[in-house]
Amino acid sequence: NTGYTFAGWYVASDCSGTAKSTSATYTFTMHDAGTSGTVYNLYAKFTRNAYSLSLNAYTNGSASATGGTVKIGTSGTAGATASQTNINHGTVLTAVATANTGYTFGGWFTNTGLTTSFSSSASASVTLTANTTLYAKFTANTYTVTFAGNSGTLTYTDALGSDYKFTATYAVTYTISDYVSAV
């Protein structure tokens, strides 16, 4: 059946002991069973397939948790990556992405190029039918800074991650004519 793998032919009804054969096709002769006229029962053993789920945070196209974190389910630990192994075929898990301040979640993808969409939901249901790797896309928010400087200038002077430093120079000179100090 779908989600199971043939594991062998056994003579014990609980499929314990050593398999007579691990091939799906098993050819035998009746004298292998022992005394003539003895009933020879064979039992097929199937094991449920187990898979892994891996989640990765990608910020501005690179593997990084700068833009947000990923985790599996509500009790998982959030980070740049999350993974779980030995998950039975057909199990449904939730891939959770949380954007950091200043970033936006842009969907789950099945490739590192972030071109093959899996889900646009930050909490996406994943039904395991194979080993699965998903990539959460985070993008830095963009902001528009408007400077009305009355003929002044605005100069970009330094960048620190997503923080930017600007220096404003006014065209008008101000003179302080009185200075009062607190005593």
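Conventions adopted
- Residues numbered from 1 in each chain as written.
- Predicted model: local features only at pLDDT ≥ 70, side-chain atom pairs only at ≥ 80, totals over all residues.
- Heavy atoms only, no water.
- Pairing = 2+ DSSP bridges.
- Helix = DSSP H or I, 4+ residues; strand = E, 2+ residues; numbered from the N terminus.
- Axes fitted to C-alpha atoms, helices over the stretch in contact; angles between N-to-C directions.
- Buried < 20%, exposed > 50% of the residue type's maximum accessible area, 1.4 Å probe, protein only.
- Contact = heavy atoms within 4.5 Å.
- Core = buried A, V, L, I, M, F, W, Y, C linked by side-chain atoms within 4.5 Å.
- pLDDT = per-residue confidence, 0-100.

1. Let's talk about the sheet that holds strand S10 (residues 123–127)
Pairing in this open sheet of three strands is antiparallel, and the strands run S5-S7-S10 from one edge to the other. The outermost strands of the open sheet, each flanked by one partner alone, are strand S5 (68–72) and S10. Within this sheet the neighbouring strands show an average axis-to-axis angle of 20 degrees, counted without direction. When S5 meets strand S7 (residues 92–99), the two strands line up antiparallel, connected through five bridges. Bridge assignment links Gly68 to a residue of S7, and that residue is Ala99.

2. Details of the environment of Gly90
Mapped onto the elements of the fold, Gly90 is located in the loop between strand S6 (81–88) and S7. Judged by relative accessible area, Gly90 falls into the partly exposed class, the value being 35%. Setting aside its immediate chain neighbours within four residues, Gly90 contacts Thr127 and Leu128.

3. Considering the nonpolar core
Grouped together as the largest cluster of nonpolar side chains are 19 residues, with contacts concentrated most on Leu53, Leu55, Val70, Trp108, Leu128 and Ala136. The biggest single contributor to this core is strand S3 (residues 50–59), with four residues. If sequence neighbours within four positions are ignored, Ala136 has contacts with Asn56, Ala57, Tyr58, Val70, Ala97, Phe105, Gly107 and Trp108.

4. Here we look at the confidence of the model for the protein
Per-residue pLDDT for the protein averages 82, and the proportion of residues at 70 or more is 73%. The least confident element of the protein is strand S12 (residues 153–160), whose mean pLDDT is 51; the most confident is strand S9 (residues 117–119), at 97. Counting contacts from residues 157–162, a segment whose pLDDT is below 50, to residues more than four positions away or on other chains yields eight contacts.

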